[in-house]
Amino acid sequence: MEYPRKFQIGFQEGTCPLSCKKCFAFGADIERKKEVRKMPMNRAIKLLDEISSLGNHATIQPHIFTEPFANPELKQIIQHCCSKELKMSIITNGILMDDDWIEFLLKQNSQKITVSFSLDAVKQETYEKVRGNYNLAQIESKIDYLIACRKSKNLSIGVNFTAEEDNESERDAFLNKWKYKVDAVRLHRVIYRNKKIIKTEASDQIKECSQLNEVMVIDTGGEVRTCSIDAFGDSYLGNVFEDGIVSVWNGREIQQLRERIHLDRLAENEFCFGCEACGYGGNYLYREDSDFYIADNGYDIFYNHK
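Everything in this summary refers to the structure shown in the same document. All values reported here derive from a predicted model rather than from experimental measurement.

1. Remarks on the packing of helix α2 (residues 74-83) against helix α3 (residues 99-106)
Piece 1. Direction vectors running N to C along α2 and α3 enclose 5°, while the axes themselves pass 12 Å from each other. Compared by their axis directions, α2 and α3 come out roughly parallel. Contacts between α2 and α3 involve Leu74, Lys75, Ile78 and Gln79 from the former and Asp100, Trp101, Phe104 and Leu105 from the latter.
Piece 2. The residue makeup of the contact of α2 with α3, split by class, is five nonpolar, one polar and two charged.

Set out below in structure tokens:
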């Protein structure tokens, strides 16, 4: 691809009310501390304008490792994306989404915005094990309100479930609870700290990183990271504020990394070495039934309501 299909941008990083044990940035047992950083708004606007100039086909995810609704400038970012006809994908735990945020989102009808709530549970006791000591029912009520009050399907609502040991038994119940209520349900498996996942037979054949081929992860200072797993900036592929998006995306650093992954020649000190997750961002098999379009790659399963 000449340029990414999706941009994950750290407009503000380092703020989250949760410390989920599976989280690469805020997990309670992580010894490193995620620094609170913010991209200056003038640079954020310039970056979005550059993305828009590429053709308006990309999706903007306005966060990497942070709770997006902790960013007070997110409203301005959303408004600018809408003015540039840029699609948005916002993934949230829903805790900081208050009435003001809900009413703001309900007024955004001109451009496609997807808001996905990471819930990971059906029961309150399970939610507390995998996410935190917050009221799951209150977050669910926000989802119900958004669905009931939206005036356009341009505001798309989804829910996410990351399967791990403490919630695996609720996976099917979660799907059955939500699949006829929201626009999309995403079920996926936890990626462990050593970047290992439960492998499928097909994963051994994958020699391409779909994340590296399709998604650009841009940190607060414009630094491009290999992928969103890199919570602390241990990788570096260039800087979009210094060189521009297209130059970094087609540059020597990233092209050589793609080639080393393809040839299985990564050095042990490289961030991507040993990662089993690289092949799972794409490589979907698609099917449909009477109610859903389904995309499945053995790690992610999306149920998109027709």
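2. Looking at the nonpolar core
Piece 1. Ranked by size, the top nonpolar core spans 89 residues in total, and within it Phe7, Ile9 and Ile78 carry the most contacts.
Piece 2. In contact with Ile9, other than residues within four places in its own chain, are Met39, Leu47, Leu48, Ile51, Ile60, Gln61, Pro62, His63, Ile64 and Ile218.

3. Let's talk about the pairing of strand β8 (residues 184-189)
Piece 1. Bridge analysis of strand β7 (residues 155-163) against β8 gives six bridges, and the strand direction is parallel. Within the sheet, the bridge partner assigned to Gly158 lies in β8 and is Ala184.

4. Remarks on the side chain of Ser152
Piece 1. If you trace the backbone, Ser152 turns up in the loop between α5 (136-149) and β7.
Piece 2. Owing to a relative accessible area of 19%, Ser152 belongs among the buried residues under this scheme.
Piece 3. Only 2.9 Å separates the side chain of Ser152 from the backbone nitrogen of Asn154, close enough to count as a polar contact.

5. Thoughts on the sheet that holds strand β12 (residues 292-296)
Strand pairing in a sheet relies on backbone hydrogen bonds. The paired strands run either parallel or antiparallel.
Piece 1. Across the sheet, which stays open at both edges, the 11 strands sit in the order β10-β9-β1-β4-β5-β6-β7-β8-β13-β12-β11 with mixed pairing between neighbours. Strand pairing shows two members of the sheet lacking a second neighbour, β10 (224-225) and β11 (285-288), which therefore form its edges.
Piece 2. Contacting β6 (113-118) and β7, α5 crosses the sheet at an angle of about 150° to β7.
Piece 3. Across the face of the sheet, helix α6 (residues 171-178) comes into contact with β7, β8 and β13 (300-305) while running at roughly 170° to β8.

6. Comments concerning the pattern of salt bridges
Piece 1. Under the defined criterion, the tally for this structure stands at 20 salt bridges.
Piece 2. A salt bridge links Lys22 to Glu164; its shortest N-O distance comes to 2.8 Å. With a gap of 142 residues between them, Lys22 in the loop between β2 (12-13) and β3 (37-38) and Glu164 in the loop between β7 and α6 connect regions that are remote in the sequence. Residues Lys22 and Glu164 agree in their burial class; the two are buried.
Piece 3. In this structure, Lys84 engages Asp49 in a salt bridge whose closest nitrogen and oxygen atoms are separated by 3.7 Å. Residue Lys84 is found in the loop between α2 and β5 (87-92), and its partner Asp49 is found in helix α1 (residues 41-53); the two are separated by 35 residues along the sequence.
Piece 4. Each of Lys22, Asp120, Arg131 and Glu164 takes part in salt bridges that share partners, so that together they form one network.

Rules and cut-offs
- Residues numbered from 1 in each chain as written.
- Predicted model: local features only at pLDDT ≥ 70, side-chain atom pairs only at ≥ 80, totals over all residues.
- Heavy atoms only, no water.
- Axes fitted to C-alpha atoms, helices over the stretch in contact; angles between N-to-C directions.
- Helix = DSSP H or I, 4+ residues; strand = E, 2+ residues; numbered from the N terminus.
- Parallel < 35°, antiparallel > 145°, perpendicular 65-115°, else oblique.
- Contact = heavy atoms within 4.5 Å.
- Nonpolar A, V, L, I, M, F, W, Y, C, P; charged D, E, K, R; others polar.
- Core = buried A, V, L, I, M, F, W, Y, C linked by side-chain atoms within 4.5 Å.
- Buried < 20%, exposed > 50% of the residue type's maximum accessible area, 1.4 Å probe, protein only.
- Pairing = 2+ DSSP bridges.
- Polar contact = N/O pair within 3.5 Å; in protein donor to acceptor, adjacent residues only side chain to side chain.
- Salt bridge = Lys/Arg side-chain N within 4 Å of Asp/Glu carboxyl O.

The values reported here are purely geometric and, on their own, carry no functional implication.
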